[in-house]
Amino acid sequence: MKKITVAKGDGIGPEIMDATLSIIMAAGAQIEIEEIEVGEKVYLSGNTSGIAKESWESIRRNKVFLKAPITTPQGGGYKSLNVTTRKMLGLFSNVRPCSSLYPFVPTKHPNLDMVIIRENEEDLYAGIEHQQTDEVIQCLKLVSRPGCEKIIRYAFEYAKTHGRKKVTCFTKDNIMKQTDGLFHKVFDEIGEEYPDIEKEHWIIDIGAAKMADTPEIFDVIVTLNLYGDVLSDVAAQIAGSVGLAGSANIGEEYAMFEAIHGSAPRIAGQNKANPSGLLHGAIMMLNHLGQNHVAERVHNAWLKTLEDGIHTYDIYREGVSKQKVSTSEFADAIIERLGQVPSQLKPVKYESRNPIHLPAYQRKAAADKALQGVDLFVHWRGEDANELGHILNDLKTEHLQLTMISNRGIKVWPEGFKETFCTDHWRCRFSAEGGSQPSKEEIIKLQELAYHKNLDVIKTENLYQFDGKAAYSLGQGQ
Ligand code: NAD
């Protein structure tokens, strides 16, 4: 008997959780439930994280958390509980399988069968945002080597243990050469350790278009946090409905299982929501707990129910469906079919697998890091980059001098285009001549000089070479 933490959430949460638990318990799940309260009520009681300290203790004790969707109250100040939980518990991998149930659930893609593995802790979801000038706000995109190695190795291990043939990596490294470039590089490095698995890389824009058009050519997809968030909803929707998909958030020690959809407040309390998404989360949880036989019974009974035309309102179609049922009737229909397998849809077969354990991250030897210069970001309300260039040209140290000004990444000095639109946020690059190395003191000196010229420096970024390679972006047009 395994004790798990359960949160019934908000909106349709309690209905779909009751349905899900009744099905898995009837199927013989060996679990004991410890319920906690998270979400709207907790937020509105003044706790901006949406979860109480005792509830964290329950999750940390039980290590497995089945969570219904929650409502994040409108307005500022409330942190997303999902993002917090994933990051606090180190749930670095978000696994979202999607497959078609054609012809029982209409889809243009009858052969869609893929798994999206999304990095869950980094990227733009690090949640580090700052307003720096009247006109410009920054969101930091953080991508780390340990983060890339963990998720990419997880994706390959997942493919290997689940008999999947191909892993596709999606990035935008033609534009984000450093961050997405690292993800792609690590994908190529780790991919070499898996010679039996086909590997490919797509630029996310055309890759996403291809996925929406011909999803059957994809198998396992691994990608960064934001792309994965968007793509997995698209994948679930084109497979039939976002209401059908579940997700597993997996870390080294903890795991959280949920539906991918939200709390659907408009249909809450009406006993009409489709519990399939959360049920899928629960099926993944049972597999995670090694209760594969129960997971298989539940999944096959669910397929048989859909095949028998017993559908909730969201997937009900005249001519295909036979009976429109409520949430609880749908659960009862699945329970009645426990032990049966579908005859047209492919039955699932779950085997006991060892959980994926990744080797601990091995920190690499430190690179040879050499300071090359500095970008001073300046809040300046003028319009003519040449004027700013003129002011900054006076700022010099032994090795550093102004070499470029860009505005929103586009070079505007020297020799900018007068057509380029400029905001009040200027990146002013000071570099060392001919490979000479400035000292950190020179950067402080530059800031001092800027201060005495009444320039509003709002941040600095040092420019480094790592092992002889410049590790910063050029200005567009530079
Ligand atoms: P939603 O997913 O709740 O609803 C989108 C649409 O899908 C609605 O028309 C809804 O009726 C329908 N739908 C969703 N789940 C369904 C189901 N199981 N059966 C039938 N129809 C279903 O998205 P939203 O309306 O943008 O968000 C509502 C609330 O949910 C917001 O407060 C949001 O913050 C929250 N949310 C929570 C989670 C989570 O807890 N994991 C995820 C997404 C959104």
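- The protein chain is annotated in an unreviewed UniProt entry as Isocitrate dehydrogenase [NADP] from Mucilaginibacter straminoryzae.
- The Function (unreviewed entry) field of the UniProt record for the protein chain holds the comment "Catalyzes the oxidative decarboxylation of isocitrate to 2-oxoglutarate and carbon dioxide with the concomitant reduction of NADP(+)."
- As recorded by UniProt, the Catalytic activity (unreviewed entry) comment attached to the protein chain reads in full: "D-threo-isocitrate + NADP(+) = 2-oxoglutarate + CO2 + NADPH".

1. Let's talk about the overall build of the protein chain
Part 1: Counting its regular elements, the protein chain contains 13 helices and 20 strands.
Part 2: With respect to the three principal axes, the spread of C-alpha positions in the protein chain is 80 × 55 × 45 Å.
Part 3: When burial is assessed residue by residue, the protein chain has 52% of its 478 residues classed as buried.
Part 4: Here the analysis covers contacts within the protein chain between residues at least 6 apart in sequence; of these, 77% occur between residues at least 24 apart.
Part 5: On the protein chain, roughly 22600 Å² of surface is accessible, and the fraction owed to carbon and sulfur atoms is 50%.
Part 6: Side-chain charges in the protein chain split into 54 positive and 64 negative, and the spacing between the mean points of these groups amounts to 3 Å.

2. Description of the side chain of Glu296
Part 1: In this structure, Glu296 sits in helix H10 (residues 292-307).
Part 2: On the basis of relative accessible area, Glu296 is assigned to the buried category, the value being 14%.
Part 3: Excluding residues within four positions of it along the chain, Glu296 makes contact with Val348, Lys349 and Tyr350.

3. Quick look at the pattern of salt bridges
Here the idea is simple: oppositely charged side chains can pair when their charged atoms come close.
Part 1: Summed over the entire model, instances satisfying the criterion amount to 33 salt bridges.
Part 2: Measuring nitrogen to oxygen at the nearest pair gives 3.5 Å for the salt bridge that ties Asp229 to Arg118. With a gap of 111 residues between them, Asp229 in helix H8 (residues 225-239) and Arg118 in strand E5 (residues 113-119) connect regions that are remote in the sequence.
Part 3: Taking the shortest distance from any N to any O, the salt bridge between Arg145 and Glu189 comes out at 3.0 Å. In this pair, Arg145 is assigned in helix H5 (residues 145-161) and Glu189 in helix H6 (residues 179-191), connecting sequence segments 44 residues apart.

4. Looking at the sheet that holds strand E8 (residues 166-171)
Part 1: The ten strands are arranged E2-E1-E3-E12-E11-E4-E5-E10-E8-E9 in an open sheet whose pairing can be described as mixed. With one partner strand each, in any of the chains shown, strand E2 (31-36) and strand E9 (198-203) form the two edges of the open sheet. Neighbour-to-neighbour, the strand axes of the sheet open up by a mean angle of 25°, direction not taken into account.
Part 2: Relative to E9, E8 runs parallel, the two being bridged by six bridges.

5. A short note on the packing of helix H7 (residues 204-213) against H8
Helix-helix packing is characterised by the crossing angle of the two axes and by the distance between the axes.
Part 1: Orientation of H7 relative to H8, taken along the N-to-C sense of each, is 15°, at an axis distance of 10 Å. Relative to H8, the element H7 is oriented roughly parallel. Seen along the crossing, H7 lies across H8 with a hand that is right-handed. In this structure, H7 uses Ile204, Ala208, Met211 and Ala212 to contact H8, whose residues at the interface are Tyr227, Leu231, Val234, Ala235 and Ile238.

6. Section: the packing of aromatic side chains
Part 1: Scanning the entire structure with this criterion turns up eight aromatic pairs.
Part 2: The interplanar angle of 85° and the centroid separation of 5.6 Å between the aromatic rings of Phe170 and Phe218 together place this pair among those described as edge-to-face. In this pair, Phe170 sits in strand E8 while Phe218 sits in the loop between H7 and strand E10 (220-223), placing the two residues 48 residues apart along the sequence.
Part 3: Of the aromatic side chains, those joined through ring pairs into one cluster are Phe156, Phe187 and Tyr194.
Part 4: We note Lys272 situated over the ring of Tyr313; from NZ or CZ to the ring centre the distance is 4.5 Å.
Part 5: In this structure, Lys369 packs its charged tip against the face of Tyr464, placed 4.3 Å from the ring centre.

7. Section: the site of the ligand
Part 1: In the vicinity of the ligand, 19 residues are found, and the nearest of them are Ile70, Gly262, Ser263, Ala264 and Asn274.
Part 2: In the model, an oxygen atom of the ligand is placed 3.3 Å from a nitrogen or oxygen of the Thr72 main chain.
Part 3: Interatomic distance of 3.3 Å between a side-chain N/O atom of Tyr313 and a nitrogen atom of the ligand.
Part 4: Isolated, the ligand exposes 820 Å² of accessible area, and the fraction of that covered by the protein chains is 67%.
Part 5: Of the residues that constitute the shell around the ligand, the class distribution is eight nonpolar, seven polar and four charged.

8. Some points on the nonpolar core
Part 1: Of all hydrophobic cores here, the largest spans 95 residues; its most connected members are Ile24, Leu66, Ile117, Ile152 and Val222.
Part 2: For this core, the element with the most residues is H5, which contributes eight residues.
Part 3: Those residues in contact with Ile152, other than ones at most four positions away along the chain, are Phe183, Val186, Phe187, Ile190 and Val222.

9. Regarding the pairing of E8
Part 1: Where burial is concerned, most of E8 is hidden: six out of the six residues are buried.
Part 2: Between E8 and its parallel partner E9, the chain crosses via H6, and the hand of that crossover is right-handed.
Part 3: Bridge analysis of E8 against E10 gives four bridges, and the strand direction is parallel. If you follow Cys169 over to E10, its bridge partner there is Val222.

10. Some details on the sheet that holds strand E18 (residues 425-432)
Part 1: A sheet is described by the order of its strands in space; here six strands give the open sequence E17-E16-E18-E15-E19-E20, paired in antiparallel fashion. The sheet terminates laterally at strand E17 (410-413) and strand E20 (469-470), the two strands that pair on one side only.
Part 2: Direction of pairing for strand E16 (residues 400-407) relative to E17: antiparallel, over a ladder of three bridges. Each residue of the ladder has a partner; that of Ile405, found in E17, is Trp413.

11. Some points on helix H4 (residues 81-88)
Part 1: For H4, the full list of buried residues reads Leu81, Thr85 and Arg86. One face of H4 carries all of its buried residues, which in axial projection span an arc of 130°.

Scoring rules and cut-offs
Residues numbered from 1 in each chain as written. Predicted model: local features only at pLDDT ≥ 70, side-chain atom pairs only at ≥ 80, totals over all residues. Heavy atoms only, no water. UniProt positions renumbered as here; feature names shortened; annotations may be inferred. Helix = DSSP H or I, 4+ residues; strand = E, 2+ residues; numbered from the N terminus. Buried < 20%, exposed > 50% of the residue type's maximum accessible area, 1.4 Å probe, protein only. Contact = heavy atoms within 4.5 Å. Areas by Shrake-Rupley, 256 points an atom, 1.4 Å probe, with all protein chains shown as cover. Lys, Arg positive; Asp, Glu negative; His and termini not counted. Charge placed at Lys NZ, Arg CZ, Asp CG, Glu CD. Salt bridge = Lys/Arg side-chain N within 4 Å of Asp/Glu carboxyl O. Pairing = 2+ DSSP bridges. Axes fitted to C-alpha atoms, helices over the stretch in contact; angles between N-to-C directions. Parallel < 35°, antiparallel > 145°, perpendicular 65-115°, else oblique. Left-handed = near helix turned anticlockwise from the far one by under 90°. Phe/Tyr/Trp six-rings, centres within 6.5 Å; stacked < 30°, edge-to-face > 60°. Lys NZ or Arg CZ within 6 Å of the ring centre and 35° of its normal. Near = heavy atom within 4 Å. Polar contact = N/O pair within 3.5 Å; in protein donor to acceptor, adjacent residues only side chain to side chain. Nonpolar A, V, L, I, M, F, W, Y, C, P; charged D, E, K, R; others polar. Core = buried A, V, L, I, M, F, W, Y, C linked by side-chain atoms within 4.5 Å. Right-handed = clockwise from strand over helix to strand, strands pointing away. Arc of directions from axis to C-beta.

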